[in-house]
Amino acid sequence: MPTLITREELAAAIKAGKVEVLDVRGRSAYKRAHIPGARHVSEDGMTDWAPDIKRPLAIYSSGPEDDRSSKAAARLDGEGFENVLLYAEGFRDWVAHRLPCEPPVLSYACTVCSFGYYPSRGYPKAGAPPGTLFEDLPENWRCPWCGAPKSKFEPQGPDENQHA
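The structure reproduced in this document is the subject of the present report. Since this is a predicted model, take the numbers as computed values, not measurements.

Remarks on the sheet that holds strand S6 (residues 106-110)
Here is step 1 of the chain: The strand order across the open sheet formed by three strands is S7-S6-S8, and the pairing between neighbours is antiparallel. Each end of this open sheet is capped by a strand with a single partner; those strands are strand S7 (116-117) and strand S8 (153-158).

If you want it as structure tokens, here you go:
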């Protein structure tokens, strides 16, 4: 049975080099940003890289509503992996708590009114919970201050609230 792991426990295990991290989100989401050192794996290719069956494997997806991580964890557990860890809160939780990402998560600014969008904060009133990357906002998303379309935003650099 996979064991739940918290964000703090995962960050400590990564820092200590005691865990291999698997990102089971889609490839495009992985390329936009992921937990440092995470390996992208699809459900079909989860064991293609020949991992050590005893090494702790931490698995995550977007968040608790995304069942890909729990399915992947159950599959690995069923295949005999001895230390399967499930980071059920997922990538949005990681970003919302301003933990480092590869590449760094970017903030964006509206070129019309200068509204700043910071993924660590999101903008829940406009349908973007904390941890939502700007690229993951729907194409019809609009600036909450002036109503400008998403296309009027420009990247400003790493989320100013992100820390290592």
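Still more ground to cover, so stick around.
Regarding the pattern of salt bridges
Here is step 1 of the chain: Using the criterion set out here, one finds 10 salt bridges in the structure.
Here is step 2 of the chain: A salt bridge links Asp93 to Arg7, with the shortest nitrogen-to-oxygen separation between them at 2.9 Å. Of the two residues, Asp93 sits in helix H4 (residues 90-96) while Arg7 sits in helix H1 (residues 7-15), which places them 86 residues apart along the sequence.
Here is step 3 of the chain: For the salt bridge of Arg75 with Glu79, the shortest nitrogen-to-oxygen distance reads 3.0 Å.
Here is step 4 of the chain: Since its relative accessible area comes to 30%, Arg75 is described here as partly exposed.
Here is step 5 of the chain: Residues participating in the shared-partner salt-bridge network are Arg7, Glu8 and Asp93.

Brief notes about helix H3 (residues 68-78)
Here is step 1 of the chain: Buried within H3 we find Ser69, Ala72, Ala73 and Leu76. All buried residues of H3 fall inside an arc of 100° around its axis, so they share one side.
Here is step 2 of the chain: Turning to H3, the residues buried within the fold contact strand S2 (20-23), strand S4 (57-60) and strand S5 (84-86).
Here is step 3 of the chain: Directly after H3, the chain includes Gly80, whose backbone phi takes a positive value near 100°.

A few points about the nonpolar core
Here is step 1 of the chain: Among the nonpolar cores identified, the biggest contains 20 residues, and Leu10, Ile35 and Phe91 are the most heavily contacted of them.
Here is step 2 of the chain: Every element with two or more residues in this core is listed here: H1, S4 and H4.
Here is step 3 of the chain: The element that contributes the greatest number of residues to this core is H4, accounting for three residues.
Here is step 4 of the chain: Filtering out sequence-adjacent residues up to four positions away, Leu10 remains in contact with Ile5, Val19, Val21, Ile35, Ala58, Tyr87 and Trp94.

Remarks on the layout of surface pockets
Here is step 1 of the chain: As a volume, the largest pocket reaches approximately 160 Å³.
Here is step 2 of the chain: Arg25, Ala29, Arg32, Ser62, Phe91, Arg92, Pro129, Gly131, Thr132, Leu133 and Asp136 together form the lining of the largest pocket.
Here is step 3 of the chain: At the level of secondary structure, the elements contributing two or more residues to the lining of the largest pocket comprise helix H2 (27-32) and H4.
Here is step 4 of the chain: Taken together, the residues of the lining of the largest pocket sort by class into four nonpolar, three polar and four charged.

A look at the sheet that holds S2
Here is step 1 of the chain: Strand order in the open sheet formed by five strands is S1-S5-S4-S2-S3, and the pairing between neighbours is parallel. Strands at the two margins of the open sheet, each flanked by one partner only, are strand S1 (3-4) and strand S3 (39-40).
Here is step 2 of the chain: Pairing analysis gives two bridges linking S1 to S5, with the strands arranged parallel. When the bridges of S5 are listed, Thr3 appears paired with Leu85.

Reading the values: rules and limits
Residues numbered from 1 in each chain as written. Predicted model: local features only at pLDDT ≥ 70, side-chain atom pairs only at ≥ 80, totals over all residues. Heavy atoms only, no water. Pairing = 2+ DSSP bridges. Helix = DSSP H or I, 4+ residues; strand = E, 2+ residues; numbered from the N terminus. Salt bridge = Lys/Arg side-chain N within 4 Å of Asp/Glu carboxyl O. Buried < 20%, exposed > 50% of the residue type's maximum accessible area, 1.4 Å probe, protein only. Arc of directions from axis to C-beta. Contact = heavy atoms within 4.5 Å. Core = buried A, V, L, I, M, F, W, Y, C linked by side-chain atoms within 4.5 Å. 1 Å grid on protein atoms, 1.4 Å probe; cavity = no way out; pocket = protein on both sides within 12 Å on 5 of 7 lines; lining within 4 Å. Points joined across faces, edges and corners; volume = space filled by probe spheres on them. Nonpolar A, V, L, I, M, F, W, Y, C, P; charged D, E, K, R; others polar.

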